[in-house]
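# Observations on the model geometry
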Amino acid sequence: MSTTTRQPQPPAGASQHALPDPGEQVPTLSWPIVCLFTFALALFGASTWAALTDVFPAVATIAASSAAIFVLFTVLHDASHYSISSHRWVNVAFGRAAMFFVSPLISFKSFAFIHIEHHRNTNDGESDPDHFVSAAPWWQLPIRFPAMDLPYIGFLVRNLRRRPRAEILETTALMTLSVTVIAAAAFAGHLWTLALIYLIPERVAMFVLAWWFDWLPHHDLEDIQSENRYRATRNRVGSEWILTPLLLSQNYHLVHHLHPSIPFYRYVAAWRRNEAAYLERDSAISTVFGQQLDATQYREWKRLNGKLAALLPVRMPRSSAARHASTHPIPVKSVERLTPDSVKVTFDVPDHLSDQFAFQAGQHLTVRHRTGGQEVRRNYSICASATSGELAIGVRHITGGMFSTFAVETLRAGDVLELMTPTGSFGAPLDPLTRRDNVAVAAGSGITPILSIMRTTMEIETESRFTLFYGNRTAESTMFAAELDELESRYADRLRIFHIRSGEARHPASLRVRIDLAMVQRLLASDLTPIDRWYLCGPSDLATTMRDDLASEGVPTDRIHLELFRGTNRSTHVDAFPASKVIITLSGANHTVELAPGETVLESALKNNIDAPYACLGGACGTCRARITTGAVSMEQNLALNTVETEAGFILTCQSHPTTPTVAVDYDS
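Cut-off values and rules
Residues numbered from 1 in each chain as written. Predicted model: local features only at pLDDT ≥ 70, side-chain atom pairs only at ≥ 80, totals over all residues. Heavy atoms only, no water. Helix = DSSP H or I, 4+ residues; strand = E, 2+ residues; numbered from the N terminus. Rg over C-alpha atoms; globule rule 2.2 N^0.38 Å. Buried < 20%, exposed > 50% of the residue type's maximum accessible area, 1.4 Å probe, protein only. Contact = heavy atoms within 4.5 Å. Areas by Shrake-Rupley, 256 points an atom, 1.4 Å probe, with all protein chains shown as cover. Lys, Arg positive; Asp, Glu negative; His and termini not counted. Charge placed at Lys NZ, Arg CZ, Asp CG, Glu CD. Bend = angle between axes of the 7 residues up to and from the residue. Phe/Tyr/Trp six-rings, centres within 6.5 Å; stacked < 30°, edge-to-face > 60°. Lys NZ or Arg CZ within 6 Å of the ring centre and 35° of its normal. Pairing = 2+ DSSP bridges. Axes fitted to C-alpha atoms, helices over the stretch in contact; angles between N-to-C directions. Salt bridge = Lys/Arg side-chain N within 4 Å of Asp/Glu carboxyl O. Patch = residues over 30% accessible without salt bridge, like charges linked within 9 Å, V, L, I, M, F, W, Y side chains within 5 Å. pLDDT = per-residue confidence, 0-100. Parallel < 35°, antiparallel > 145°, perpendicular 65-115°, else oblique. Left-handed = near helix turned anticlockwise from the far one by under 90°. Nonpolar A, V, L, I, M, F, W, Y, C, P; charged D, E, K, R; others polar.

## Some thoughts on the overall build of the chain
- When you go through the chain residue by residue, the secondary structure sums to 21 helices and 21 strands.
- Since a compact globule built from 669 residues should have a radius of gyration of about 26 Å, the 29 Å found for the chain is in line with a globular shape.
- C-alpha extents for the chain along the principal axes are approximately 100 × 55 × 50 Å.
- Scored against the burial criterion, the 669 residues of the chain give a buried share of 55%.
- Nonlocal contacts in the chain, meaning residues at least 24 apart in sequence, comprise 72% of its contacts between residues at least 6 apart.
- Of the roughly 28,200 Å² of accessible surface on the chain, 57% is carried by carbon and sulfur atoms.
- With 58 positive and 65 negative side-chain charges, the chain shows a spacing of 2 Å between the two charge centroids.

Right, dumping it as structure tokens:
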């Protein structure tokens, strides 16, 4: 399941302050956005009424409608980063409504895709759709500012094959509707009225948006996002009593590029909480009038204008307090359909068991379930971030699978399941001060532990990068597709996801191939050996072949982390192992049992009614992990323990045959 992990030292000159993703979690509903959205609609409605009744001069109604559209862009912007609500559909609803006012030439999903590409490729020539404005000669700015949506359309056209059919159809429908409305207004003699109400205000708003959102934060900066994310975007300080409300906090645009999921009204607080850490990283800062400041100059400027604020502490995930895997009845909080044959099951862990069910990213749960008078035990990887306070698993239906059938077809919120406390060691230690390059390869339900590792890494290691290759047949069969889309939006410049879909005819040909090392090398477009951590999870043939191929290419084995959901068949040649006396320590009590030739330590425990923890019985899950304190054993196979654990004396009792007359194992270690 895992190999030994390395813990490199931070590079020379690295910041001594951790830089977490600051501020609160994304709220259930962002009330500042709701208020902003309501205000903008009311203002636009009032200006439209004024234009139709001619009660105010045209310039006044144009100014009011322009302000409303400008404000609605902030709603659209936060929606594209899923910052308005923890419910995905709420962000999409607000985004579609706001997009209709800001620029009804493309769909919200198309805008979100293009905007994320800007985050990923800031200042990087044609790869950055906003470079049209930020790199323009000064004399072209009055022409380019109001035409900002034109390069967006061009960017979308160049990437049509990458986008879903529904998104392209929605964009086409909006373009057709826009042209039809303009033509109808012209034919009916109302073109000036339409221009007064919308066409002119929309261009004015576009001019201001291009100026304030694109040009001010990015112009004359030579660094690109992938090379130096602290100097690809700037903060603009000074006159904040007027600049912050006027720009809706975009004077702190650097904070937004570093932490895209923070709502707009949290940018200033995020900067203040982490100011020293930003300065140590030589962040790009200028005054309101454009004077560039280095860290020393900024501190002097700050000394004259206020005091430095304290840093936000890093929230590191805790491990389970359980001494060994123990079972507890846990209510189901929700069952969410992911695909036609898979669900996400979220648990409502009681407060008094929260320490027992704390987990590290990459761990799994064992579910005990009785059906037809028979007990089944199944392992499911945790898919939630280790810092989220949520406990959830992903379950895909397997033909003939007793529990997976029950979970997908019958399980409901309020039901109670018997869960073992988290086990496993697929993940690796995280360090907030470290920058690592991570690559994960997953297929099907193999995404579940990868999702937890990826989420947690992005939150804690704010300089680390992650690339995911995820294989499925079609988009409809892709588990956690919405969550992956949301994560890529939130961590645009540090996270890349390649969806490999073998059965989808419209998918790009380069992504309709079999996942193998050659494909990974081609899409990474870089050497494999500098990658710090590889995570492999999926069908055993895929995962083990990828591991062997990486090793043959010179990737150190201690950088490769492997997770298999089930072990291989046990050997039948076990008669050579002798009988033995086994002393078992479990929950503080000692049990002495006689072990027959060929039996495993776990088999001897269960035969003597000792409730030792276990799940897969194949050496893959690690639930039966214990430490040997006396004697010696031979393990048939080990797919769960890393080298550090085995050197410390840990064994998998389901695979361990004593080779000495007496053996003592401790499950409580």
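Text resumes after the structure shown.
## A look at helix H9 (residues 191–218)
- Residue Ile197 marks the point of greatest curvature in H9, where the axis turns by about 40 degrees; the proline Pro201 follows within four residues.
- Asp220 sits one or two positions beyond H9 and adopts a positive phi of about 65 degrees.

## A closer look at the packing of aromatic side chains
- Under the criterion given, the structure shown has 21 aromatic pairs.
- With a centroid separation of 5.1 Å and 90 degrees between ring planes, the pair formed by Phe145 and Phe207 is classed as edge-to-face. You can see Phe145 sitting in the loop between helix H6 (141–144) and helix H7 (149–158) and its partner Phe207 sitting in helix H9, a full 62 residues away along the chain.
- Taking relative accessible area as the criterion, Phe207 reaches 28% and is therefore assigned partly exposed.
- A centroid spacing of 6.1 Å and a plane angle of 15 degrees characterise the contact between Phe466 and Tyr535, whose relative ring orientation is stacked. One end of the pair, Phe466, is in strand S11 (residues 465–472); the other, Tyr535, is in strand S13 (residues 533–537), and 69 residues separate them in sequence. The exposure classification of Phe466 matches that of Tyr535, with both residues buried.
- By way of ring pairs, the aromatic residues Phe70, Phe73, Phe111, Phe145, Tyr152, Phe207, Trp211, Trp212 and Phe213 are connected into one cluster.
- In this structure, Arg144 packs its charged tip against the face of Phe132, placed 4.8 Å from the ring centre.
- When the ring centre of Phe113 is taken as reference, the NZ or CZ atom of Arg163 above it lies at 4.1 Å.

## Comments concerning the sheet that holds strand S5 (residues 342–347)
- In space, the 6 strands of this open sheet follow the order S7-S6-S9-S4-S5-S8, with antiparallel pairing throughout. The open sheet has two free edges, formed respectively by strand S7 (374–381) and strand S8 (391–396), since each of these has just one partner strand. Recorded for the sheet is a direction-independent mean angle of 40 degrees between the axes of neighbouring strands.
- Inspection of the sheet shows S5 paired to S8 by 6 bridges, in the antiparallel sense. By the bridge assignment, Lys344 is partnered in S8 with Gly394.

## So, the pairing of strand S21 (residues 662–666)
- Among the 5 residues in S21, 4 count as buried, and that is most of the element.
- By the bridge criterion, 5 bridges tie strand S15 (residues 580–586) to S21 in an arrangement that is parallel. Bridging across to S21, Ile584 finds its partner in Val665.
- Here strand S17 (residues 625–630) runs beside S21; their pairing, made up of 3 bridges, is antiparallel. Bridged to Thr630 within S21 is Ala664.

## Topic: the pattern of salt bridges
- Under the criterion given, the structure shown has 22 salt bridges.
- Two residues, Glu170 and Arg96, come together in a salt bridge whose shortest N-O distance is 3.1 Å. Residue Glu170 is found in helix H8 (residues 165–188), and its partner Arg96 is found in helix H3 (residues 88–102); the two are separated by 74 residues along the sequence.
- For Arg96, a relative accessible area of 40% corresponds to the partly exposed category.

## A look at the pairing of S17
- Pairing of S17 with strand S19 (residues 650–652) involves 3 bridges; the strand directions are antiparallel. By the bridge assignment for S19, Arg627 is matched with Phe650.

## Brief notes about unusual backbone geometry
- A positive phi angle, close to 60 degrees, is found at Asp54, a residue other than glycine.
- At Ser587, a position not held by glycine, the phi torsion is positive, near 55 degrees.
- Inspection of the secondary structure assignment puts Ser587 in the loop between S15 and strand S16 (589–595).

## Observations regarding a nonpolar patch on the surface
- Taken together, the side chains of Trp49, Val55 and Phe56 present a nonpolar region at the surface, about 330 Å² in accessible area.
- Its place among the elements puts Val55 in the loop between helix H1 (31–53) and helix H2 (58–80).
- On the basis of relative accessibility, which here comes to 43%, the residue Val55 falls in the partly exposed class.

## What to know about the sheet that holds S11
- Here we have 5 strands laid out as an open sheet, ordered S12-S11-S10-S13-S14, and parallel in their pairing. Each of the sheet's edge strands pairs with one partner strand only, and the pair in question is strand S12 (495–501) and strand S14 (560–563). Averaged over all pairs of adjacent strands, the angle between their axes in this sheet comes to 10 degrees, without regard to strand direction.
- In this sheet, S11 lies alongside strand S10 (residues 437–443) in parallel orientation, the contact comprising 7 bridges. Within the sheet, the bridge partner assigned to Val439 lies in S11 and is Thr467.

## Observations regarding the confidence of the model for the chain
- Averaged over the chain, the pLDDT score is 87; the fraction of residues at 70 or greater is 93%.
- Ignoring residues within four places in sequence, the model shows residues 1–15, a span with pLDDT below 50, making 48 contacts including any to other chains.
- Confidence over residues 306–313 falls short of pLDDT 50; this stretch has 21 contacts with residues more than four positions distant or in other chains.

## Brief notes about the packing of H1 against H2
- Following both chains from N to C, one finds H1 and H2 inclined at 155 degrees, their axes separated by 8 Å at the closest point. Here H1 is positioned roughly antiparallel relative to H2, judged by the angle of their axes. Relative to H2, H1 is oriented so that their crossing is left-handed. For the pair formed by H1 and H2, the contact residues are Ile33, Leu36, Phe37, Ala40, Leu41, Leu43, Phe44, Ser47, Ala50 and Ala51 on the first element and Thr61, Ala64, Ser65, Ala67, Ala68, Ile69, Val71, Leu72, Thr74, Val75 and Asp78 on the second.
- Across the contact of H1 with H2, the residue classes break down as 16 nonpolar, 4 polar and 1 charged.

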